[in-house]
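If you want the building blocks of each chain, they are given just below.
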Amino acid sequence: MANIHKLDIRNIVASLIFVIFAVIITAMATKIKKILSLVPQDSLLFSSWLAEQGIDRKEQTLYVRSGWLERVANGVYKFEGSASSLYVAVASYNAQLGKRCHVGASSALDLRGYSHFVAMGKPLAYLFTSSGQRLPGWILKAEWDRVIRYFTTSVFSHGTGLEEYDYRSHKLLISSPERAFMECLHLAPSSYSLMDAYYIMEMLTTLRPKLVQQLLEECSSVKVKRLFLYMAEKSGHQWFNALNVSKIDLGKGDRLIAPAGKYIGKYGIIIPSELAEYESPIQVNGATLEW
């Protein structure tokens, strides 16, 4: 009788443990389903955001041990077995932490279909934040599908020209074509040759003059503004005629951009002779600008 009684107790305890375990697993599964309803499956998941959704730090560790989540960095997770990407990581970082890192320069132009810069190997990703906000080290050091080129800048003091772009069901913050091209000029000639930049300008036939005007008035770089206006006028785009150059502060004095280059008196810049002497197909078939 005693042995039977002990066996009954063991069965009851085992049943209770099973029920408790089932309840815990069900609760965990319910929370995971909630997270999946809020973000795409390839998202990165940040600890503070998970806590806001009802999964505190202790539970996050339990989810990792149970195989639901995989740790990417300290306080950063992903769904077990999912594959993320750099742009998805940036979109998750912005959305969950309220940040404003954006994809800019040629990377933003590539997303819009203005492909000109062909990378050997992994494509480059030009990422920007304001001077007062830096990307965390784990993003910069991790192995991604793109090679990061990261810059902090205050050339544009506002978020003018930044737009949300639908990237694999994520809202990715990127530069508009107008701002992206000015960012290319900001990084030239160290990251881009001015000839490559001009080839891009030739493709920018549909820029919005109101946005261009606003960006040029807000831009703090005299070099960017002078180069942009020179290239825009040289390319013969119609939208250039809608700009009010008198409202744009072009600074004083000349700017040496290419040593031993050619001086463009109208804009006070010394640029590569190759660019100054280049005649695009638009110019050949139409009126040639005099410089």
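Just above, that's the structure.
Since this is a predicted model, take the numbers as computed values, not measurements. Starting afresh in each chain, residues are numbered from 1 along the sequence in its written order. The predicted nature of this model means local features are confined to residues of pLDDT at least 70 and side-chain atom pairs, given and counted, to a pLDDT of 80 or more, with totals for whole chains, interfaces and linings taken over all residues. Values shown for side chains rest on all heavy atoms present in the structure; no hydrogens or waters enter the calculation.

What to know about the packing of aromatic side chains
Okay, so step 1: Any pair of Phe, Tyr and Trp rings, taking the six-membered ring for Trp, is counted once the centres come within 6.5 Å. Such a pair is stacked with planes under 30 degrees apart, edge-to-face with planes over 60 apart, and tilted for the rest. Counted by the stated rule, this structure contains 12 aromatic pairs.
Okay, so step 2: Both rings, one in F128 and one in F151, keep their centres 5.7 Å apart while their planes meet at 25°; by these two values the pair is stacked. Here F151 lies in strand β6 (residues 147–153) and F128 lies in strand β5 (residues 124–130), a separation of 23 residues in the sequence.
Okay, so step 3: Taking 5.7 Å as the distance between ring centres and 75° as the angle between the ring planes, the aromatic pair formed by Y198 and Y278 counts as edge-to-face. Here the residue Y198 occupies a position in helix α8 (residues 194–203), and Y278 occupies one in the loop between α11 (273–277) and α12 (281–285), the gap between them amounting to 80 residues.
Okay, so step 4: Residue exposure (1.4 Å probe, protein chains only): buried if accessible area is under 20% of the type maximum, exposed if over 50%, otherwise partly exposed. Classification of Y198 as buried rests on a relative accessible area of 0%.
Okay, so step 5: Each member of the aromatic cluster is reached from another via a ring pair, and the members are Y126, F128, F151 and Y192. Numbering goes from the N terminus for both helices and strands, where a helix is a DSSP run of H or I of at least four residues and a strand is a run of E of at least two.

Describing the pattern of salt bridges
Okay, so step 1: Salt bridge, as used here: a side-chain nitrogen of Lys or Arg that lies within 4 Å of a carboxyl oxygen of Asp or Glu. The final tally for this structure, using the stated rule, is seven salt bridges.
Okay, so step 2: Residue E143 is joined to K122 by a salt bridge in which the shortest nitrogen-to-oxygen separation is 2.5 Å. Taken together, the positions of E143 in the loop between α6 (137–141) and β6 and K122 in the loop between α5 (105–111) and β5 put the pair 21 residues apart, joining distant regions of the chain.
Okay, so step 3: K122 gets classed as partly exposed once you look at its relative accessible area, which sits at 35%.
Okay, so step 4: Taking the shortest distance from any N to any O, the salt bridge between K266 and E233 comes out at 2.8 Å. Of this pair, K266 sits in the loop between β10 (262–264) and β11 (269–271) while E233 is found in helix α10 (residues 222–235), placing the two residues 33 residues apart along the sequence.
Okay, so step 5: The buried category is assigned to E233, whose relative accessible area is 16%.

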